[in-house]
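Summary of structural features
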Amino acid sequence: MTKLGLLARIEAKPEYAEKVEALLRDAVQLAEQEEHTVTWYAFRQGATTFGVFDTFADEQGRQGHLQGKIAAALMGAADTMLSEAPDIRPVDLLAVKLP
């Protein structure tokens, strides 16, 4: 059962917004390789604001994701493409509806 999640807010520098979008679109391939990531969503909220929401069955899966390739790619882009460090927050899921 999916109990835990991460919610990340990502603010791109205006001149890098399209590159951040591409980075997030491509990251789905990495998420598919993560055995303990139950669901993974990347989204855009505005011209330069992006986000990621993902879910996990347990804390081990969540921590593994935080130490994985997607987090590394995002942090690697932070200095160049982002206007600030990603705001990544753990969340506890209260209710879930999946297909």
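In this text, all values refer to a predicted model and were calculated from it rather than measured experimentally.

1. Looking at helix 2 (residues 59-66)
When we look at burial in helix 2, the residues that qualify are Gly-61, Arg-62 and His-65. Axial view of helix 2: buried residues confined to an arc of 100°, hence all on one face. Tucked inside the fold, the buried residues of helix 2 contact strand 1 (4-11), strand 2 (37-44), strand 3 (49-56), helix 3 (69-81) and strand 4 (87-92). The N-cap of helix 2, judged by a side-chain oxygen 3.3 Å from the amide nitrogen of Gln-60 a few residues on, is Asp-58.

2. Some words on the side chain of Glu-11
With respect to the element layout, Glu-11 can be found in strand 1. Only 3.1 Å separates the side chain of Glu-11 from the side chain of Arg-9, close enough to count as a polar contact. Of the polar contacts made by the side chain of Glu-11, one reaches the side chain of Thr-49; its length is 2.6 Å.

3. Quick word on the pairing of strand 3
For strand 3, the tally of buried residues reaches 7 of 8 residues, placing the bulk of the element in the interior. As judged from the 8 bridges shared by strand 1 and strand 3, these two strands associate in the antiparallel manner. Counted as the bridge partner of Glu-11 is Thr-49 from strand 3. Where strand 2 and strand 3 come together, 7 bridges link them in antiparallel fashion. In the sheet register, Arg-44 faces strand 3, and the bridge partner there is Phe-50. Where strand 2 hands over to strand 3, the hairpin turn is made up of 4 residues, counted between the paired strands.

Cut-off values and rules
Residues numbered from 1 in each chain as written. Predicted model: local features only at pLDDT ≥ 70, side-chain atom pairs only at ≥ 80, totals over all residues. Heavy atoms only, no water. Buried < 20%, exposed > 50% of the residue type's maximum accessible area, 1.4 Å probe, protein only. Helix = DSSP H or I, 4+ residues; strand = E, 2+ residues; numbered from the N terminus. Arc of directions from axis to C-beta. Contact = heavy atoms within 4.5 Å. Polar contact = N/O pair within 3.5 Å; in protein donor to acceptor, adjacent residues only side chain to side chain. Pairing = 2+ DSSP bridges.

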